[in-house]
Amino acid sequence: QVQLVESGGGLVQAGGSLRLSCAASGRTASSYYMSWFRQAPGKEREFVAAISWSGGHIYYAISVKGRFTASGDNARNTVYLQMNSLKPEDTAVYYCAAAQRRDSDYAVANDYDYWGQGTQVTVSS
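Here is a short report on the structure shown in this document. The structure displayed is predicted, hence computed values, not measured ones.

About the criteria used
- Residues numbered from 1 in each chain as written.
- Predicted model: local features only at pLDDT ≥ 70, side-chain atom pairs only at ≥ 80, totals over all residues.
- Heavy atoms only, no water.
- Buried < 20%, exposed > 50% of the residue type's maximum accessible area, 1.4 Å probe, protein only.
- Helix = DSSP H or I, 4+ residues; strand = E, 2+ residues; numbered from the N terminus.
- Pairing = 2+ DSSP bridges.
- Core = buried A, V, L, I, M, F, W, Y, C linked by side-chain atoms within 4.5 Å.
- Contact = heavy atoms within 4.5 Å.
- Salt bridge = Lys/Arg side-chain N within 4 Å of Asp/Glu carboxyl O.

### Considering the pairing of strand β11 (residues 119-124)
Here is step 1: In β11, alternate side chains face the same way, and those of T119, V121 and V123 are buried while those of Q120, T122 and S124 on the opposite face are not.
Here is step 2: Pairing of strand β2 (residues 10-13) with β11 involves four bridges; the strand directions are parallel. Among the inter-strand pairings, Q13 is bridged to a residue of β11, identified as S124.

Printed below as a string of structure tokens:
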């Protein structure tokens, strides 16, 4: 089992920044991807960023590339999402997720085994 707890969400004006954190506990060493997804009201959950936990590769959705930076701290079992130049369309509940299968597709929500409770990010115009 892996437990994930997100923090750092809030209300920010367009152009501002926020940093999300996801603290992982449990069998984190068996996680292949640690990732961020988001879900806006009335929309499907969408991929934001993924970290290959052992390989160190990082992947981004086109919509956030160049504005968001994902990072991980193995020693603290924590992943971060630094969000800059935020736009109103970034408003959503942001979720941390862990996938434990090597053949997982990092961008597919259904391939993830564990999810955090989510943290709300609201960007005002």
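### Description of the nonpolar core
Here is step 1: Of all hydrophobic cores here, the largest spans 37 residues; its most connected members are L4, L81, M83 and Y94.
Here is step 2: The leading source of residues in this core is strand β9 (residues 92-99), at six residues.
Here is step 3: If we ignore the near neighbours within four places in the chain, the residues touching Y94 are E6, L20, F37, R38, V48, F68, L81, M83, G118, T119 and V121.

### Here we look at the pattern of salt bridges
Here is step 1: Enumeration over the complete set of coordinates arrives at five salt bridges.
Here is step 2: One salt bridge in this structure joins R67 and D90, with 2.7 Å as the shortest N-O distance. Of this pair, R67 sits in the loop between β6 (58-60) and β7 (68-73) while D90 sits in the loop between β8 (78-83) and β9, placing them 23 residues apart in sequence.
Here is step 3: Note on R67: relative accessible area 11%, which makes it buried.
Here is step 4: The exposure class of D90 is buried, given its relative accessible area of 0%.
Here is step 5: Note that R101 is salt-bridged to D113, the shortest N-O span being 2.9 Å. A residue pair is termed long-range when its members are at least 10 positions apart, and R101 in the loop between β9 and β10 (114-115) and D113 in the loop between β9 and β10 qualify at 12 residues.

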